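# Structural overview
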Amino acid sequence: MKFAEWLLRTFGVDETLLGDLVEERGAGRSAMWLALQTAAAIATQIGRDLRRHPVLALRAIATGWLLTTAWGVLFNWVEIHSRHRGMTSMMIVLTVLVWPAFVGWMIAQTHRAQRAAMLLAYVASGVSWSLYYYTAHFKEIIRIPNQLSTDALFTSIILLSTLAGGFLHRPRRVH
Amino acid sequence: MARKNSLGDLELLVLLALVRLGPKAYGVTIAHEIETKGKRSVAIASVYLVLERLADKGLVKSELGEATPERGGRAKRYFQITAQGLREVRATRAALIGMWQGVPQLEGGTV
């Protein structure tokens with residue numbers, strides 16, 4: 001139940017619904033029942049947030065892409081101007097792990113009440129763009145050995161880092 | 001003349017559950033009522049989603065109850081059908097009966 005409660009809280013599910021699930025689990029409902037109800041509650045919450053706040057979803061996507069583009073510009077500038085050999089590899093680590101986590105954190109910070117839905121909206125836009133990019137450039141990418149698998153790995157890590165950064169964000173409770 | 005806001009399938013079931021349960025209606029009891037009397041399995045989250053939609057239409061109202069230990073200290077939200085909600089249920093029943101009558105294929109049978 002603890003994990004389900006954590007998940008439901010993370011996705012911003014209403015406390016009364018959470019209380020209903022706790023009550024039913026305590027009354028003898030199975031773990032499978034709880035898992036299905038939790039999944040339904042999360043899906044419903046995300047759908048509701050996106051339907052009710054389409055402008056916020058667009059803002060979250062724009063925020064994410066703006067920060068990603070800003071990092072791309074900085075990355076290119078450092079690559080051109082840096083004389084240190086180790087600088088580029090450090091920048092790659094920052095690009096794949098640290099910056100996406102920061103982007104996720106920023107989206108969560110600027111959309112606190114609907115952070116999970118807004119994060120997923122941005123990640124969905126990233127997945128869509130990646131699919132478009134790989135489809136459009138498939139012939140060129142496939143010619144280079146291991147390029148596709150490397151790109152897919154990096155893209156997956158970037159998206160996971162974004163989600164981790166967003167979900168690690170702890171909104172300050174208002175009393 | 002046709003009505004503007006007709007009720008959906010689950011909306012009607014939820015409203016009927018509210019009428020049947022009276023003041024005891026909250027997420028768990030509504031879902032139970034739909035499962036036992038309506039013979040339909042429903043996620044509690046879906047019940048809340050429908051209740052939210054019905055509240056937006058002014059067909060239900062709600063109030064918070066007291067927090068209880070078996071719910072981890074969380075309060076129940078009790079729901080009640082409004083007069084407008086009751087009118088909608090009656091109108092939907094009349095519409096369904098009107099559609100039902102005089103159709104030989106729908107006569108008899110258990111399901």
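Throughout what follows, the structure given in this document is the object of discussion. Everything numeric here is computed off the predicted structure, so don't read it as measured data. (Residues numbered from 1 in each chain as written. Chains lettered and ligands numbered in written order. Predicted model: local features only at pLDDT ≥ 70, side-chain atom pairs only at ≥ 80, totals over all residues. Heavy atoms only, no water.)

### Here we look at the overall build of chain B
Using the following cut-off: A run of H or I in DSSP becomes a helix once it reaches four residues, and a run of E becomes a strand once it reaches two; helices and strands are each numbered from the N terminus. Each residue is assigned to one of three classes by its accessible area relative to the maximum for its type, calculated with a 1.4 Å probe on protein chains only: buried under 20%, partly exposed between the two thresholds, exposed over 50%. Contacts are residue-level and defined by heavy atoms, with any inter-residue pair within 4.5 Å sufficient. Where accessible areas are quoted, they stem from the Shrake-Rupley method and a 1.4 Å probe; at the residue level, only the protein chains shown are allowed to cover. The sign given to each residue is positive for Lys and Arg and negative for Asp and Glu; His and the chain ends receive no count. Charge positions are represented by NZ for Lys, CZ for Arg, CG for Asp and CD for Glu.
A count of helical and extended segments in chain B gives 4 helices and 2 strands. The N-to-C order of helical and strand elements in chain B reads α-α-α-β-β-α. Looking at chain B as a whole, 37% of its 111 residues qualify as buried. Across chain B, the fraction of contacts at a sequence separation of at least 24, relative to all contacts at a separation of at least 6, is 51%. Counting only carbon and sulfur atoms, one obtains 56% of the accessible surface of chain B, whose full area is about 7,000 Å². For chain B, the distance from the average position of its 17 positive side-chain charges to the average position of its 11 negative side-chain charges is 3 Å.

### Some thoughts on the overall build of chain A
Each helix and strand counted, chain A has 8 helices and 0 strands in total. Written out in order from the N terminus, the α and β elements of chain A read α-α-α-α-α-α-α-α. Over its C-alpha atoms, taken along the principal directions, chain A stretches across nearly 65 × 40 × 30 Å. Of the contacts formed within chain A by residues at least 6 apart in sequence, a portion of 72% connects residues at least 24 apart. Chain A carries 17 positive and 10 negative side-chain charges, and their two centres are separated by 7 Å.

### What to know about the pairing of strand 2 (residues 74-81) of chain B
All names here are of chain B. Stated formally: We treat two strands as partners when DSSP finds at least two bridges between them.
Sheet topology note: the strand 1 (residues 60-68)/strand 2 ladder contains 7 bridges and is antiparallel. The residue of strand 2 that forms the bridge with Val60 is Ile81. The turn linking strand 1 back onto strand 2 is made up of 5 residues, and Gly72 within it adopts a positive phi angle of 70°.

### A few points about the nonpolar core
Side chains that are nonpolar tend, in soluble globular proteins, to be buried together. So the rule is basically this: What we call a nonpolar core is a set of buried Ala, Val, Leu, Ile, Met, Phe, Trp, Tyr and Cys residues that are connected through their side-chain atoms within 4.5 Å. Those domain boundaries reflect an automatic or database domain assignment.
In terms of nonpolar packing, the biggest core is built from 56 residues, with Leu15(B), Leu18(B) and Ile30(B) touching the most fellow members. In this structure, this core is formed jointly by two domains, domain 1 (1-52) and domain 2 (53-175) of chain A, each of which donates at least three residues. Look past the residues within four positions of Ile30(B) in its chain and what remains in contact with it is Val14(B), Ala17(B), Leu18(B), Leu21(B), Ala25(B), Val47(B), Leu51(B) and Phe79(B).

### A look at the packing of helix 3 (residues 31-52) of chain A against helix 6 (residues 115-136) of chain A
Residue and element names in this part refer to chain A. Going by this rule: To get an axis, a line is fitted to the C-alpha atoms, and for a helix only the part in contact is used. The angle between two axes follows their N-to-C directions and goes from 0 to 180 degrees. Comment on the angle field: the value is read as roughly parallel under 35 degrees, roughly antiparallel over 145, roughly perpendicular from 65 to 115, and oblique elsewhere. Only Asp, Glu, Lys and Arg are considered charged in this grouping, and only Ala, Val, Leu, Ile, Met, Phe, Trp, Tyr, Cys and Pro are considered nonpolar; every other residue, Gly among them, is considered polar.
Interhelical geometry of helix 3 versus helix 6 gives an angle of 80° and a closest axis separation of 9 Å. It follows from the interaxial angle that helix 3 and helix 6 lie roughly perpendicular. Along its contact with helix 3, which presents Ile46, Asp49 and Leu50, the element helix 6 presents Ala117, Met118, Leu120 and Ala121. Among the residues forming the contact of helix 3 with helix 6, the class breakdown is 6 nonpolar, no polar and 1 charged.

### A few points about the interface of chain A and chain B
Think of interface size as the accessible area that goes away when the parts come together; that is how it is often given. Quick note on the threshold: Put simply, buried area is the surface a 1.4 Å probe can reach on two separate parts but cannot reach once they are joined, added for both. The salt bridge criterion pairs a side-chain nitrogen of Lys or Arg with a carboxyl oxygen of Asp or Glu, the two atoms within 4 Å. Nitrogen and oxygen atoms within 3.5 Å of one another constitute a polar contact, given that in protein one can donate a hydrogen and the other can accept it, and given that sequence-neighbouring residues count only through two side-chain atoms.
Taken together, the contact between chain A and chain B spans 21 residues of the former and 21 residues of the latter. Summed over both partners, the interface of chain A with chain B buries about 1,700 Å², with 49% contributed by carbon and sulfur atoms. The three residues of chain A that bury the most area against chain B are Thr16(A), Asp20(A) and Glu23(A), which together make up 32% of that side's buried surface. Summed over the shared surface of chain A and chain B, the number is 8 salt bridges. The tally of links between chain A and chain B comes to 13 residue pairs in polar contact (both at pLDDT 80 or more). Those elements giving two or more residues to the side of chain A that touches chain B turn out to be helix 1 (2-10), helix 2 (15-26) and helix 3 of chain A. Broken down by element, the side of chain A that touches chain B gets its largest block of residues, 10 residues, from helix 2 of chain A.

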